[in-house]
Amino acid sequence: MKRLAAVALMSVVLLPTIAFASSSTDAALGLGAFAVFNQILGGVGIFGAVRPAVVAPAPVVVTPPPPVVYSPPPVVYSPPPVYVAPPAPVYVAPPAAVYVAPRPVYVAPRPVVVYRHVPVYRHGRWAQHQH
């Protein structure tokens, strides 16, 4: 029974299958397989640690730190200060005393109304007008 299962498993694994792919797919799969095998056999993959170091290790190169360069402070050209004397104070003498006379008030007496006697003609005769 175990032998039959092993034969069936091997036949399924080794059974060639039909691939429905075009030439571009075949080229991509071939290049991918080539890249994988190249890494494995070239020592980049898991087999790289097992390879003994036949070649001398690369020399260690230490570069000195870059020099510290300080840029000079920026040059600022400003015009020299200009000093201007403040204007002289202006003194104004107060004006002479001003006297204001009140406005004249003119009072005129009320006009006197004089009634004069005016004859009035009424109903065919002259009559006296009286108030």
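Since the structure is predicted, the reported quantities are computational estimates derived from the model, not experimental observations. (Residues numbered from 1 in each chain as written. Predicted model: local features only at pLDDT ≥ 70, side-chain atom pairs only at ≥ 80, totals over all residues. Heavy atoms only, no water.)

**Q** Help me understand the overall build of the protein in this model?
**A** A count of helices and strands for the protein gives two helices and two strands. Across the protein, helices and strands are ordered from the amino to the carboxyl terminus as α-α-β-β. In the protein, buried positions account for 1% of the 131 residues. When the accessible surface of the protein is summed, it comes to about 14300 Å², and 70% of that surface belongs to carbon and sulfur atoms. (Helix = DSSP H or I, 4+ residues; strand = E, 2+ residues; numbered from the N terminus. Buried < 20%, exposed > 50% of the residue type's maximum accessible area, 1.4 Å probe, protein only. Areas by Shrake-Rupley, 256 points an atom, 1.4 Å probe, with all protein chains shown as cover.)

**Q** Is there a simple way to explain the confidence of the model for the protein in this structure?
**A** Any segment with low pLDDT has predicted coordinates that should not be analysed in fine detail. Of all residues in the protein, 69% have pLDDT values of 70 or greater, and the mean over the chain is 76. Here strand 2 (residues 125-128) stands out as the least confident element of the protein, with mean pLDDT 61; helix 2 (residues 23-42) is the most confident, with 80. (pLDDT = per-residue confidence, 0-100.)

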